[in-house]
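Summary of the model geometry
Listed here are the chains, written in short residue letters.
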Amino acid sequence: MSSTRDPRPLTGEPLALDLLNTRWNREGVTQDLLAGTEGLAVWLASNGLAGAHPADADVLDHLREAREALRAAVHGSPEEAAPLVDSVLAHGRIRARLTVAGPAEEPEFADPSWGPAWLAARNYLELITRAPERIRTCSGGSCILHFFDTSRNGTRRWCSMAACGNRAKASRHYARSKES
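We now turn to the structure provided with this report. Every value quoted in this text rests on a predicted model; they were computed, and no experiment measured them.

1. Details of the overall build of the protein chain
- Of regular secondary structure, the protein chain possesses 6 helices and 6 strands.
- Along the protein chain, helices and strands appear, N-terminal first, in the series α-β-β-α-α-α-β-β-α-β-β-α.
- Within the protein chain, contacts between residues at least 6 apart in sequence are counted, and of these 48% link residues at least 24 apart.
- For the protein chain, the exposed area adds up to about 10200 Å²; of that, 52% sits on carbon and sulfur atoms.

See below:
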């Protein structure tokens, strides 16, 4: 398990969007948490997956493939994205069971190194089933982060009010004061 702090400006989003958020901009330069296995270990730990999945090259490659599939799903056409997401989903399945506590579903993988990638793709299916219109990209000018809008009226525009929201408001204020 990695003891390195997660450097990303936005964490805690649903797993699919959190995977997309492994790329972000800092001072005009795109950062990539999945540039290597150390960042992978941070991502796995941040999502409670570190104990079940090793931070190795296979998991990293599969997560990068899933991230590109999810990026296509969020930003591309369904015709283009569906085969990419389905390709990731082909590596696992849900096993239905009856337990002492009642019905249960658990993921199964023929190759465990696909686990985190499959879980992220599966989470995307859950999000688009629940509220596809609430999957958003931040409206901040150079921000590339994604979030699931849980606001009551569904009008959240920024990944963070403290960061991108304040920059947008300050920019509008500056533009108004310059006109005066």
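Read on for the rest.
2. A short note on the pairing of strand β3 (residues 92-99)
- Summarising the sheet, β3 and strand β4 (residues 102-109) pair through 8 bridges and their orientation is antiparallel. What sits directly across from leucine 98, in β4, is proline 103.
- In textbook terms, the turn of a hairpin is the stretch between consecutive antiparallel strands, and for β3 and β4 this stretch comprises 2 residues.

3. Description of the pattern of salt bridges
- Across all of its chains, the model carries 14 salt bridges by this definition.
- A salt bridge links glutamate 13 to arginine 156; the shortest N-O distance between them is 3.9 Å. You can see glutamate 13 sitting in the segment before α1 (15-20) and its partner arginine 156 sitting in the loop between β6 (146-148) and α6 (161-179), a full 143 residues away along the chain.
- Here arginine 156 falls in the partly exposed class, since its relative accessible area comes to 25%.
- In this structure, arginine 95 engages glutamate 106 in a salt bridge whose closest nitrogen and oxygen atoms are separated by 3.4 Å. Pair noted here: arginine 95 is in strand β3 and glutamate 106 is in strand β4, with a separation of 11 residues, a long-range link.
- A relative accessible area of 35% places arginine 95 in the partly exposed class.

4. Some thoughts on the packing of helix α2 (residues 37-46) against helix α3 (residues 57-75)
- Their axes nearest at 10 Å, the elements α2 and α3 cross at an angle of 75°. By the angle between their axes, α2 is roughly perpendicular relative to α3. Where α2 approaches α3, its residues Thr37, Leu40 and Trp43 are matched on the opposing element by Ala57, Val59, Leu60 and Leu63.
- Grouping the amino acids of the contact of α2 with α3 by side-chain chemistry returns 6 nonpolar, 1 polar and no charged.

5. Topic: the side chain of histidine 53
- Here histidine 53 shows up in the loop between α2 and α3.
- For histidine 53, a relative accessible area of 9% corresponds to the buried category.
- Those residues in contact with histidine 53 that sit more than four places away from it in its chain are Leu44, Pro112, Gly115, Pro116 and Leu119.

6. Looking at the nonpolar core
- Within the largest apolar cluster, 43 residues are counted, with the highest numbers of intra-cluster contacts made by Leu19, Trp43, Leu63 and Cys159.
- When contributions to this core are tallied by element, the ones reaching two or more residues are α1, α2, α3, α4 (78-89), α5 (115-130) and β6.
- The dominant element in this core, judged by the number of residues it contributes, is α3, at 8 residues.
- Apart from residues lying up to four places away in sequence, cysteine 159 is in contact with Leu10, Cys138, Cys143, Leu145, Phe147 and Cys164.

7. Details of the environment of arginine 26
- Note on placement: arginine 26 falls in strand β1 (residues 23-26).
- For arginine 26, a relative accessible area of 38% corresponds to the partly exposed category.
- A polar side-chain atom of arginine 26 sits 3.4 Å from the main-chain carbonyl oxygen of proline 7.

8. Re the side chain of arginine 134
- Looking at the secondary structure, you find arginine 134 in the loop between α5 and β5 (135-137).
- Although arginine 134 is buried, it makes no salt bridge; aspartate 149 carries the closest opposite charge, 4.1 Å away.
- Polar side-chain contacts of arginine 134 include one of 2.5 Å to the backbone oxygen of serine 151.
- Arginine 134 has contacts with Phe147, Phe148, Asp149, Thr150, Ser151, Arg152, Asn153 and Gly154, leaving out every residue within four places of it along the chain.

What counts, and where the lines are drawn
Residues numbered from 1 in each chain as written. Predicted model: local features only at pLDDT ≥ 70, side-chain atom pairs only at ≥ 80, totals over all residues. Heavy atoms only, no water. Helix = DSSP H or I, 4+ residues; strand = E, 2+ residues; numbered from the N terminus. Contact = heavy atoms within 4.5 Å. Areas by Shrake-Rupley, 256 points an atom, 1.4 Å probe, with all protein chains shown as cover. Pairing = 2+ DSSP bridges. Salt bridge = Lys/Arg side-chain N within 4 Å of Asp/Glu carboxyl O. Buried < 20%, exposed > 50% of the residue type's maximum accessible area, 1.4 Å probe, protein only. Axes fitted to C-alpha atoms, helices over the stretch in contact; angles between N-to-C directions. Parallel < 35°, antiparallel > 145°, perpendicular 65-115°, else oblique. Nonpolar A, V, L, I, M, F, W, Y, C, P; charged D, E, K, R; others polar. Core = buried A, V, L, I, M, F, W, Y, C linked by side-chain atoms within 4.5 Å. Polar contact = N/O pair within 3.5 Å; in protein donor to acceptor, adjacent residues only side chain to side chain. Lys, Arg positive; Asp, Glu negative; His and termini not counted.

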